[in-house]
Amino acid sequence: MTRYFTDYAWLGGDQVSDRVLIEVDGDRITAVSAGQDRPADAVHLPGVTLPGMANSHSHAFHRALRGRTHRGGGTFWTWREDMYTVAGRLDPDSYHALARAVYAEMALAGITCVGEFHYVHHTPDGTPYPESNALGEALIAAAADAGIRITLLDTCYLTGGFGAELQGPQVRFTDGSAARWADRVERLSASTHARIGAAIHSVRAVPADQLGTVAGWAEGHGAPLHFHMSEQRAENDACMAAHGCTPTQLLSEHGALGSLSTAVHATHLTDDDIAALAGSRTYVCMTPTTERDLADGIGPARDLANAGGPLTLGSDSNAIVDIFEEARGMELDERLRTERRGHWLASDLLRAATSDGHASLGWPEAGRLEPGGLADFITVGLDSVRMAGWDSATLLESVVFAANSPDVSNVVVGGRRVVEQRRHTLVDDVPAALGDSIRAVLG
Ligand SMILES: [Zn+2]
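Residues numbered from 1 in each chain as written. Predicted model: local features only at pLDDT ≥ 70, side-chain atom pairs only at ≥ 80, totals over all residues. Heavy atoms only, no water.

Engineer: Quick question: what am I supposed to make of the overall build of the protein here?
Structural biologist: Across its full length, the protein carries 15 helices and 16 strands. For the protein, the C-alpha atoms occupy an extent of roughly 65 × 50 × 45 Å along the three principal directions. Counting the 443 residues in the protein, one finds 59% classified as buried. Within the protein, contacts between residues separated by at least 24 positions form 75% of all contacts whose residues are at least 6 apart in sequence. Carbon and sulfur atoms make up 48% of the accessible area of the protein, which amounts to about 16,200 Å² in all. (Helix = DSSP H or I, 4+ residues; strand = E, 2+ residues; numbered from the N terminus. Buried < 20%, exposed > 50% of the residue type's maximum accessible area, 1.4 Å probe, protein only. Contact = heavy atoms within 4.5 Å. Areas by Shrake-Rupley, 256 points an atom, 1.4 Å probe, with all protein chains shown as cover.)

Engineer: Got a minute to help me understand the nonpolar core in this structure?
Structural biologist: General note: in soluble globular proteins, nonpolar side chains tend to be found buried as a group. Ranked by internal contacts, the top residues of the largest apolar core, which has 128 residues, are Phe61 and Tyr103. Residue contributions to this core peak at 9 residues, all from helix α2 (residues 92-108). Look past the residues within four positions of Phe61 in its chain and what remains in contact with it is Met83, Val86, Ala87, Leu90, Tyr95, Leu98, Tyr119 and Val120. Counting 11 residues, the second largest nonpolar core, distinct from the first, contains Val24, Leu45, Ala375 and Val412. (Core = buried A, V, L, I, M, F, W, Y, C linked by side-chain atoms within 4.5 Å.)

Engineer: Could you clarify how one ought to interpret the pairing of strand β11 (residues 283-286) in this entry?
Structural biologist: In the case of a regular strand, side chains alternate between the two sheet surfaces. The two faces of β11 match: Tyr283 and Cys285 on one face and Val284 and Met286 on the other face are all buried. As paired strands, strand β10 (residues 261-265) and β11 are joined by 3 bridges and run parallel to one another. Residue Val264 lies in a different strand from β11, and its bridge partner there is Cys285. Tracing the backbone out of β10, into helix α8 (residues 271-279) and back to the parallel element β11 gives a crossover that is right-handed. Sheet topology note: the β11/strand β12 (residues 311-313) ladder contains 3 bridges and is parallel. Bridging from a neighbouring strand, Val284 pairs with Leu311 of β12. (Pairing = 2+ DSSP bridges. Right-handed = clockwise from strand over helix to strand, strands pointing away.)

Engineer: Whenever I open this one, the sheet that holds strand β5 (residues 53-58) confuses me. Can you help?
Structural biologist: If you trace the 8 strands from one edge of the open sheet to the other, you get β5-β6-β7-β8-β9-β10-β11-β12, paired in parallel fashion. Bordering the open sheet on either side are β5 and β12, each of which pairs with just one other strand. Shown here is a sheet whose adjacent strand axes are inclined to one another by a mean of 25°, direction ignored. Pairing of strand β6 (residues 111-118) with strand β7 (residues 149-156), which is carried by 6 bridges, proceeds in the parallel orientation. Each residue of the ladder has a partner; that of Cys113, found in β7, is Arg149. Where helix α3 (residues 134-146) meets the sheet, its contacts fall on β6, β7 and β8 (194-200), and the angle it forms with β7 comes to roughly 165°. (Axes fitted to C-alpha atoms, helices over the stretch in contact; angles between N-to-C directions.)

Engineer: What is the right way to read the pattern of salt bridges from this model?
Structural biologist: Oppositely charged side chains are able to pair whenever their charged atoms sit close together. The tally for this structure, following the rule as stated, stands at 20 salt bridges. Asp436 serves as the salt-bridge partner of Arg439, at 3.3 Å between the closest nitrogen and oxygen. With a gap of 3 residues between them, Arg439 and Asp436 both fall in helix α15 (residues 430-442), about one helical turn apart. A relative accessible area of 48% means that Asp436 is categorised as partly exposed. Among the ionic contacts, a cluster of salt bridges with common partners joins Arg292, Glu325, Arg328 and Asp333. (Salt bridge = Lys/Arg side-chain N within 4 Å of Asp/Glu carboxyl O.)

Engineer: Explain the environment of Trp181 here, please?
Structural biologist: Mapped onto the elements, Trp181 comes out in helix α4 (residues 178-186). Separated by 27 residues in the primary sequence, Trp181 and Asp154 have C-alpha atoms spaced 8.8 Å apart. Among residues more than four places away in sequence, those in contact with Trp181 are Asp154, Thr155, Cys156, Asp175, Ala198, Ala199, Val214 and Trp217.

Engineer: Just checking my understanding: could you explain the coordination of the zinc ion for this structure?
Structural biologist: For a metal with four donors in a tetrahedral arrangement, the ideal angle between donors is 109.5 degrees, while six donors in an octahedron ideally sit at 90 or 180 degrees. Distances from the zinc ion to its protein donors, His57 (NE2), His59 (NE2), His228 (NE2) and Asp316 (OD), fall at 2.1 to 2.7 Å. Around the zinc ion, the 4 donor atoms are arranged such that angles at the metal cover 87 to 172°; this shape is classified as irregular. (Donors = N, O, S within 2.8 Å, 3.2 Å for Na, K, Ca; no water. Tetrahedral: all angles 85-135°; square planar, octahedral: opposite > 155°, others 65-115°.)

Engineer: How should I be thinking about the environment of Arg233 in this particular structure?
Structural biologist: On the secondary structure map, Arg233 appears in helix α6 (residues 233-243). C-alpha of Arg233 to C-alpha of Gly297: the two residues are 64 residues apart in sequence and 9.4 Å apart in space.

Next comes the structure, spelled out in structure tokens:
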């Protein structure tokens, strides 16, 4: 058993508790108690300790585009061409190296669980690898090497648009049919740090008559089901032209909404869409830094929450890996939209980043500092210029509105210390690992 003593901890209310002792046995928390004296044998975590953060939507390989797509203009659709160039170059070894480095960057940022929305399945000409899940297995191994949990959201991707053929690198994404997608996914297996979920890339990429197969697989396995949805108005318009309804309505008709489902983006919704998502308890994953980077628009996060829908957060394109920035981004975008302040409490935003995020990825036993929960927690140091001047009464607000990834000083995942005093314990030099693996992929 290991005992951790932290100056402050967030135990779920709208204030921090002070002098908190967290006892860990194996990979579980066995006791949490506030107002304690520091025991001589306890590991001291100076700062404020939070549950580990869930990054509910990631494409690890997009990390290679950081900076490179930020010169000049364009749209989501021109950005996608650059992204496809990288997708066309991945192989199991190069993707393992890149993802290991990206997940190590996430660990340094206090992310203890990633939802990897994975759709590059096959060789560049579309034929399967001898081991049909070589790329998915590379991602699972990369998360293990970086010391974090992963839900591999294996993604069904069959068409290049409504009734459109696949083009270029898209041939790597398809299994030919949802039934063959399900056969391949059956061969993936979960482990201590990894769980398997399903994803529908979008209503553009999976024909309506195949949606039910993917949704049925997820339901039959009690697995999370994620999908990109209504990120762009063009997708809504094309769906309306093809099916006479919105993407939300189409996914609802085919059984894809529900309390283990997550709609990613949900930027352009009708009032009926909002009611359908919230009424079915479907999570909506907001990715504010990516949505602003790709000029997607501002999603109706507060309207969804008002209707009772749960929200989660993701780094998506990994142009920025910082869940604090995603959390305050959701609030600050809403301020710009409404010209009013204060739409969420800091604790609400942290809940999206922790317990709700984990639940949406199929880890309901993570994301809370409580006995019986997984021993996944992070500590934010209070010794940086960003946090200087903090006050314990408003410490949660300081964390959510001022902290950045580099303020995360310690990370514990499953009882193992993955980051100690801002250094990754498993990946020696994370910047070098990122630089080397990105150069290898870009050629
Ligand atoms: Zn995405």
